[in-house]
Amino acid sequence: MNAQVSINESVLELTSDGPRLKGMRCKNCGNHVFPYQGGCPKCTGSDVEPVLLGTHGTLWAWTIQGFPPKAPPYLGETDPDKFKPYGVGYVELPGEVKVEARLTESDPTRLKIGMAMDLTLVPLCKDDDGNDMVTFAFSPSTKGDA
Amino acid sequence: MSEVAIVGIGMHEFGRHEGVSGMEQGAIAVRRACADAGVEWKDIQFAFGGSSAAGAPDTMVSQLGLTGLQFINVQNGCATGGSALFSAYNTIMSGAYDLGIAIGFDKHERGAFRVETKAREGRDWYGGSGMALTTQFFGMKINRYMQENNISQRSLARVAAKAMRNGSMNPMAWRRKALTEEEVLQSQMLSYPLTQYMFCSPGEGGVALILARADQAHKYTKNPIYLQSAVVRSRRFGSFEVLAPSLSLEYGEGPTVDASKAAFEQAGIGPKDIDLAQLQDTESGAEVMHMAENGFCEHGEQESMLEKGETEIGGRFPVNTDGGCLANGEPVGASGLRQVYENVLQLRGDAGPRQVPNDPKVAYTHVYGAPGISGVTILSR
């Protein structure tokens, strides 16, 4: 089996306990942002720290990507005959931030605002060394309410 | 009384134009605007030019004539045209010059906008992951809005069908074939709940507007149109914007609400005083949401307004009389100025078969786009 590699370790860390998103927390006002940045858009302060964001949340908004995105920048399948639609949404991580992410579900009848979601990974492509490059996604929760 | 008037307008047809550069389309719009105002290029004292993908606007002086005028380029996302107009308006307001021009043009590749972003380090993970599409934002925003405000997919189809109907009466429009609501609903699902014909396409075109001090306007035209306000606003904390990898937990109003309020304040009037409006319709849902965000109705009221045809050309409050972005496409640098061009035609009474009846006197434009920016103008006779 090939090794999994993150699309970008500075935003998505593959830990032994599963994937984690790397965000920012403002030490002054407590506001969170994803990905990490050097200043707070809420209080305008710059006393911020990197944090690993939570992995469970609720679906806040969603759509289905119905056509292949352009490459570059897209690293996944762009052949119209092989492309499969995928969900995209904002997942609200309690007490932190709403993160935009791919969804593993692409059937509009199975997506509902407010449903519980868990962080997971989806494959994108092979990297130059033949490893499986992955990015983050949320899937409908198997653990009940977030 | 406003101190700035639009005294000349020029446009290059929107659409696809093989073998004509975006800048040439801008230059053609400039010549047409000069002809409309009865001036020559050498009479123009200053210019603000905007384009996002078709080259540095100030280089067009080599086509138009090297007169040495002050020419400043503006680049401000989807509000590029609006920002050029805002800058020209304020240049005249300041007293620095008496006669100037705002120019916008563009030429984009086919298909959805390609958005490449620079990560702090490493690979472009945002676009690389299959996000960073403006179409996704519009799908997500209207999908949530429809649920919160009881808007049906039929309403989205009504907006698109109206746009194509209006576009069919506009010789400058790209899409001039009327489409039925069924054809709109049955076209390919691009970003749920939005289908192909509910979206505008990036395109090509150019627009130029000549502005003068209001007290000198009659030297150039018998029909000056006065610019009562020109406002551009960026987003505040808590708003839901295009191309945002994360959003705050707080959920507040966006830049459209802010720009609209500021524009009404500047003009000293309110939404009830507006006779017609051109509202950003990147897709059908955007027009629906922007009707409320600009203060023209309550959230949710759009459903019955569309059902009753109130936003049709002959309706109570006509919206996007030239077919909007849906029928004209979106050459980013020119799009906001296209809206103003249409309102000038309507207020002059020169809009031909799509003329709004009953002698409209006050008209409104609104652009919205990446990365969360809105531009509003209010024009009057």
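Everything numeric in this text was worked out from a predicted model, so none of it was measured.

Draft legend 1. Highlighting the pattern of salt bridges. Residues and elements named next belong to chain B. Applying the stated rule across the entire model yields 31 salt bridges over all chains. With its nearest N and O atoms 3.6 Å apart, the salt bridge here joins K308 to E310. For K308, a relative accessible area of 61% translates into the label exposed. For E310, a relative accessible area of 14% gives the class buried.

Draft legend 2. Structural context of the interface of chain A and chain B. Listed as interface residues are 48 residues of chain A and, on the opposing side, 44 residues of chain B. A combined buried area of about 3800 Å² lies between chain A and chain B, and 59% of that area is made up of carbon and sulfur atoms. Area buried by chain A at its contact with chain B is led by W60(A), F67(A) and K70(A), which between them contribute 17% of it. There are 2 salt bridges connecting chain A and chain B.

Draft legend 3. Broad picture of unusual backbone geometry. Cis geometry marks the peptide bond from F34(A) to P35(A); its omega dihedral reads -10°. The residue P35(A) is located in the loop between β4 (32-33) and β5 (48-52) in this model. Backbone torsion omega between A370(B) and P371(B) reads -5°, so that peptide bond is classified as cis. Relative to the elements of secondary structure, P371(B) occurs in the loop between β11 (362-369) and β12 (373-380).

Draft legend 4. Broad picture of empty space enclosed by the protein. Residue and element names in this part refer to chain B. Counted according to the given criterion, the structure contains 3 cavities of 30 Å³ or more. Estimates place the volume of the largest cavity at around 60 Å³. Considering the residues around the largest cavity, the lining is formed by 16 residues, among which G82, T365, G375, V376 and T377 are closest to the centre. Counting only elements with at least two residues in the lining of the largest cavity, the list comes to α3 (80-93), β8 (225-234), α12 (332-348), β11 and β12. At 4 residues, the largest contribution of residues to the lining of the largest cavity is made by α12. Residues of the lining of the largest cavity, tallied by class, amount to 9 nonpolar, 7 polar and no charged.

Draft legend 5. Geometry of the sheet that holds β11(B). All names here are of chain B. Strand order in the open sheet formed by 9 strands is β3-β2-β4-β7-β1-β8-β12-β11-β10, and the pairing between neighbours is mixed. Where the open sheet ends on each side, the last strands, each with one partner, are β3 (70-74) and β10 (276-279). Sheet twist, expressed as the average angle between the axes of neighbouring strands with direction ignored, equals 20°. As paired strands, β8 and β12 are joined by 8 bridges and run antiparallel to one another. Considered in β12, the bridge of V232 is made with G375. Each of β1 (4-15), β4 (99-107) and β7 (204-213) touches helix α1 (residues 22-37); the most contacted strand, β1, lies at about 140° to it.

Draft legend 6. Representation of the packing of helix α5 (residues 134-149) of chain B against helix α9 (residues 284-293) of chain B. All names here are of chain B. Between α5 and α9, the least distance of the axes is 9 Å, while the angle of their chain directions is 60°. By the angle between their directions, the pair α5 and α9 is classed as oblique. In this structure, α5 meets α9 at a crossing whose hand is left-handed. Each of F138, K141, I142 and Y145 in α5 lies in contact with α9, whose residues at this interface are G285, A286, V288, M289, A292 and E293. Tallied by class, residues from the contact of α5 with α9 come to 7 nonpolar, 1 polar and 2 charged.

About the thresholds
- Residues numbered from 1 in each chain as written.
- Chains lettered and ligands numbered in written order.
- Predicted model: local features only at pLDDT ≥ 70, side-chain atom pairs only at ≥ 80, totals over all residues.
- Heavy atoms only, no water.
- Salt bridge = Lys/Arg side-chain N within 4 Å of Asp/Glu carboxyl O.
- Buried < 20%, exposed > 50% of the residue type's maximum accessible area, 1.4 Å probe, protein only.
- Contact = heavy atoms within 4.5 Å.
- Buried area = accessible area lost by both parts, 1.4 Å probe.
- Helix = DSSP H or I, 4+ residues; strand = E, 2+ residues; numbered from the N terminus.
- 1 Å grid on protein atoms, 1.4 Å probe; cavity = no way out; pocket = protein on both sides within 12 Å on 5 of 7 lines; lining within 4 Å.
- Points joined across faces, edges and corners; volume = space filled by probe spheres on them.
- Nonpolar A, V, L, I, M, F, W, Y, C, P; charged D, E, K, R; others polar.
- Pairing = 2+ DSSP bridges.
- Axes fitted to C-alpha atoms, helices over the stretch in contact; angles between N-to-C directions.
- Parallel < 35°, antiparallel > 145°, perpendicular 65-115°, else oblique.
- Left-handed = near helix turned anticlockwise from the far one by under 90°.

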